[in-house]
Amino acid sequence: MSHTFGIRQAQKQKTRQALLDAALGLLEEQSLSSLGLREVTRAVGVAPTAFYRHFRSTADLGVALVEEALGSLHPMIRTTVTNADSSEERITRAVELIARHVSAYPAHVRFIARERHGGVQPVREAIRAQLVRFAEEVKAELAKDPESEGWNDDDLLMLAHLYVDQMLITASLFLEALEASDDERERVTQVATRQMRLISIGRHHWLG
């Protein structure tokens, strides 16, 4: 019986992932607010009623896509920020991480970029919650820097949000350059590095 249950759970997870993958593919051409569950189930080859075994609505599916797109980035962001010998090393790591992630998961990045200000409130809120979590994690690491001595929590959180917002902008730049030449991608890398460096310089001269 346990073996049969395991097989059913594996099949259920496989169908759930197929629905997520199909939705992500369809969302390359449209927004989540216009996506119909019948489109998704048709793409997977299951009955529309099967959708509700996995998601309450397309908004619920969208929230799951947010978790899939951003959830796995938390440990990578912490690794990027932690143990850097200097701000310059931290910036270099961050830009390299973003470039790799955009190259590996362009559809996820495009989905987040579009739906961050899209028409589906639960998805907007899920994205916002993830970004707030990123900022809190970056703030916790920045607080360990000797440079942060004398900074209050509000200012550190503001700085962390600046870095997170800039990482999103950088992701968009790399997304636009996906099909571009090596020279153009290198130009994006240089621009992104300079923009983050500007935030870092501002940090050194912040007077509160």
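A brief structural summary. As the structure is a computational prediction, the values presented were derived from the model and not from experiment. (Residues numbered from 1 in each chain as written. Predicted model: local features only at pLDDT ≥ 70, side-chain atom pairs only at ≥ 80, totals over all residues. Heavy atoms only, no water.)

## Structural notes on helix H2 (residues 37–44)
Looking only at H2, the buried set comprises Leu37, Val40 and Thr41. Summarising the axial view, the buried residues of H2 lie within an arc of 90°, below the 170-degree limit, and thus occupy one face. H2 presents Arg38, Arg42 and Ala43 as exposed residues on the side facing more than 90 degrees away from its buried surface. Of the residues one or two after H2, Gly45 is the one with positive phi, at around 90°. (Buried < 20%, exposed > 50% of the residue type's maximum accessible area, 1.4 Å probe, protein only. Helix = DSSP H or I, 4+ residues; strand = E, 2+ residues; numbered from the N terminus. Arc of directions from axis to C-beta.)

## With respect to helix H4 (residues 58–70)
Taking 1.5 Å of rise per residue, 13 residues should cover 18 Å, and H4 covers 18 Å from first to last C-alpha, within 8% of that figure. Along H4, the positions that sit buried rather than exposed are Ala59, Asp60, Leu61, Gly62, Ala64, Leu65, Val66, Ala69 and Leu70. (Expected span 1.5 Å × (residues − 1).)

## Description of the packing of helix H6 (residues 87–104) against helix H9 (residues 153–176)
Packed helices, taken two at a time, are described by their axes: the angle between them and the distance between them. In the contact formed by H6 and H9, the axes pass within 9 Å of each other and the chain directions differ by 45°. Considered as vectors, H6 and H9 are oriented oblique to each other. Both H6 and H9 take part in a crossing whose hand is right-handed. Across from Ala94, Val95, Ile98, Ala99 and Val102 in H6, the residues of H9 making contact are Met167, Thr170, Ala171, Phe174 and Leu175. The residue inventory of the contact of H6 with H9, partitioned by class, reads nine nonpolar, one polar and no charged. (Axes fitted to C-alpha atoms, helices over the stretch in contact; angles between N-to-C directions. Parallel < 35°, antiparallel > 145°, perpendicular 65-115°, else oblique. Left-handed = near helix turned anticlockwise from the far one by under 90°. Contact = heavy atoms within 4.5 Å. Nonpolar A, V, L, I, M, F, W, Y, C, P; charged D, E, K, R; others polar.)

## Concerning the environment of Lys144
Mapped onto the secondary structure, Lys144 falls in the loop between helix H8 (121–142) and H9. Judged by its relative accessible area of 59%, Lys144 is exposed.

## Some remarks on the nonpolar core
One finds Leu65, Val66, Ile77 and Phe111 to be the most contacted residues of the largest nonpolar core, which totals 56 residues. If one sorts the elements of this core by residue count, H9 sits on top with nine residues. (Core = buried A, V, L, I, M, F, W, Y, C linked by side-chain atoms within 4.5 Å.)

## Examining the packing of aromatic side chains
The final tally for this structure, using the stated rule, is two aromatic pairs. Seen in terms of ring centroids, Phe51 and Tyr52 are 5.7 Å apart; in terms of plane orientation they differ by 80°. Their pairing is edge-to-face. Ring geometry for Phe51 and Phe55: centres 5.7 Å apart, planes at 50°, overall tilted. Overall, the relative accessible area of 0% leaves Phe51 in the buried class. Classification of Phe55 as buried rests on a relative accessible area of 2%. Within the aromatic cluster, the residues linked to one another by ring pairs are Phe51, Tyr52 and Phe55. (Phe/Tyr/Trp six-rings, centres within 6.5 Å; stacked < 30°, edge-to-face > 60°.)

## Overview of the side chain of Glu141
When you line up the elements, Glu141 lands in helix H8. Residues within four places of Glu141 in sequence aside, it is in contact with Val81 and Thr82.

## Concerning the pattern of salt bridges
In this structure the tally under the stated criterion is twelve salt bridges. The closest approach of N and O atoms between Arg203 and Asp145, which form a salt bridge, is 3.4 Å. Of this pair, Arg203 sits in helix H10 (residues 182–204) while Asp145 sits in the loop between H8 and H9; the two residues are 58 residues apart in sequence, bridging distant segments of the chain. For the pair Arg203 and Asp145, one class covers both residues: buried. (Salt bridge = Lys/Arg side-chain N within 4 Å of Asp/Glu carboxyl O.)

## So, a nonpolar patch on the surface
There is a patch of nonpolar side chains on the surface, built from Met158, Leu162 and Trp206 and spanning about 280 Å² of accessible area. You can see Leu162 is positioned in helix H9. According to the relative accessible area criterion, Leu162 is partly exposed, its value standing at 42%. (Patch = residues over 30% accessible without salt bridge, like charges linked within 9 Å, V, L, I, M, F, W, Y side chains within 5 Å. Areas by Shrake-Rupley, 256 points an atom, 1.4 Å probe, with all protein chains shown as cover.)

## Examining the environment of Gln130
Along the polypeptide, Gln130 turns up in helix H8. Overall, the relative accessible area of 8% leaves Gln130 in the buried class. C-alpha separation for the pair Gln130 and Leu73, spaced 57 residues apart in sequence, amounts to 9.9 Å. Not counting chain neighbours up to four residues away, the residues in contact with Gln130 comprise Val66, Glu67, Leu70, Gly71 and His74.

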